[in-house]
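Spelled out, the chains give:
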Amino acid sequence: MNHLRTVQAITLEGARAMAATAEQFAVERGWTVAVAVVDAGGGLILFHCLDGTQPASREIAVLKARTAALLHRPTKALEDGIAGGRTALLTLPGIVALEGGAPVRVNGVVVGAIGVSGLASAQDGEVAAAGLAALGG
């Protein structure tokens, strides 16, 4: 009997493609950001930080990516939920409820996530979306 399952995961090459596309998008706009890519369990695969990015954005980018991966939803959904009165979301441990984190899905299954920080949340979300586009997602 087979007690193992086969799972898809973001490769380092895929993480590099996402980060490069996100960075290019940001640089073209004169934006400075930190970009993190994690696997489905929130484990860090790749981290890049553009020169001039505020120091706090380093940790925030990683936490946004982990939040999106572990909760299987964009961090904007959490931000919107809190803004809409679902303050119980604030009790979730270790999450960041600010736009800029997005899960990567393959055939409906979360295989990782990207997190971006350094700008206003909506801009972080634009950069993350650009990174996702590198994988066709």
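All of these numbers come straight from a predicted model, not from anything done at the bench. (Residues numbered from 1 in each chain as written. Predicted model: local features only at pLDDT ≥ 70, side-chain atom pairs only at ≥ 80, totals over all residues. Heavy atoms only, no water.)

Colleague: Kindly report on the sheet that holds strand β2 (residues 44-49), identifying the contributing residues and their values.
Modeller: Pairing in this open sheet of four strands is antiparallel, and the strands run β2-β1-β4-β3 from one edge to the other. With one partner strand each, in any of the chains shown, β2 and β3 (101-106) form the two edges of the open sheet. Averaged over all pairs of adjacent strands, the angle between strand axes in this sheet comes to 15°, irrespective of strand direction. Direction of pairing for strand β1 (residues 34-39) relative to strand β4 (residues 109-117): antiparallel, over a ladder of six bridges. Within β4, the residue paired with Ala36 across the bridge is Gly115. Contacting β1, β2, β3 and β4, helix α2 (residues 56-71) crosses the sheet at an angle of about 155° to β4. Together, β3 and β4 form the strand contacts of helix α4 (residues 121-133), whose direction differs from that of β4 by roughly 135°. (Pairing = 2+ DSSP bridges. Helix = DSSP H or I, 4+ residues; strand = E, 2+ residues; numbered from the N terminus. Axes fitted to C-alpha atoms, helices over the stretch in contact; angles between N-to-C directions. Contact = heavy atoms within 4.5 Å.)

Colleague: Tell me about the nonpolar core, residues and numbers included.
Modeller: Ile10, Met18, Val33, Val35, Ile114, Val116 and Val127 are the most contacted members of the largest nonpolar core, which totals 22 residues. Among the secondary structure elements, those contributing two or more residues to this core are α1 (12-28), β1, β3, β4 and α4. With six residues, α1 is the single largest residue contributor to this core. With residues near it in sequence (within four places) discarded, Met18 still touches Ile10, Val37, Val104, Ile114, Gly131, Leu132, Ala134 and Leu135. Counting residues in each nonpolar core, the second largest holds nine residues, with Ala34, Ala68, Ala69 and Ala113 among its members. (Core = buried A, V, L, I, M, F, W, Y, C linked by side-chain atoms within 4.5 Å. Buried < 20%, exposed > 50% of the residue type's maximum accessible area, 1.4 Å probe, protein only.)

Colleague: Before we move on, could you go through the pattern of salt bridges and cite the residues and values that matter?
Modeller: This model, assessed by the stated rule, comprises three salt bridges. Put simply, Lys64 and Asp124 hold a salt bridge, and the shortest N to O gap is 2.8 Å. Of this pair, Lys64 sits in helix α2 while Asp124 sits in helix α4; the two residues are 60 residues apart in sequence, bridging distant segments of the chain. Across this residue pair, the class does not change: Lys64 and Asp124 are buried. (Salt bridge = Lys/Arg side-chain N within 4 Å of Asp/Glu carboxyl O.)

Colleague: Quick one: what's the story with the packing of aromatic side chains, residue by residue and with numbers?
Modeller: Scanning the entire structure with this criterion turns up one aromatic pair. When the ring of Phe25 is compared with that of Trp31, the centres are 6.1 Å apart and the planes differ by 70°; the resulting orientation is edge-to-face. Comparing Phe25 with Trp31 shows no difference in burial state: the two are buried. Over the face of the ring belonging to Phe25 we find Arg29, whose NZ or CZ atom lies 3.5 Å from the ring centre. (Phe/Tyr/Trp six-rings, centres within 6.5 Å; stacked < 30°, edge-to-face > 60°. Lys NZ or Arg CZ within 6 Å of the ring centre and 35° of its normal.)

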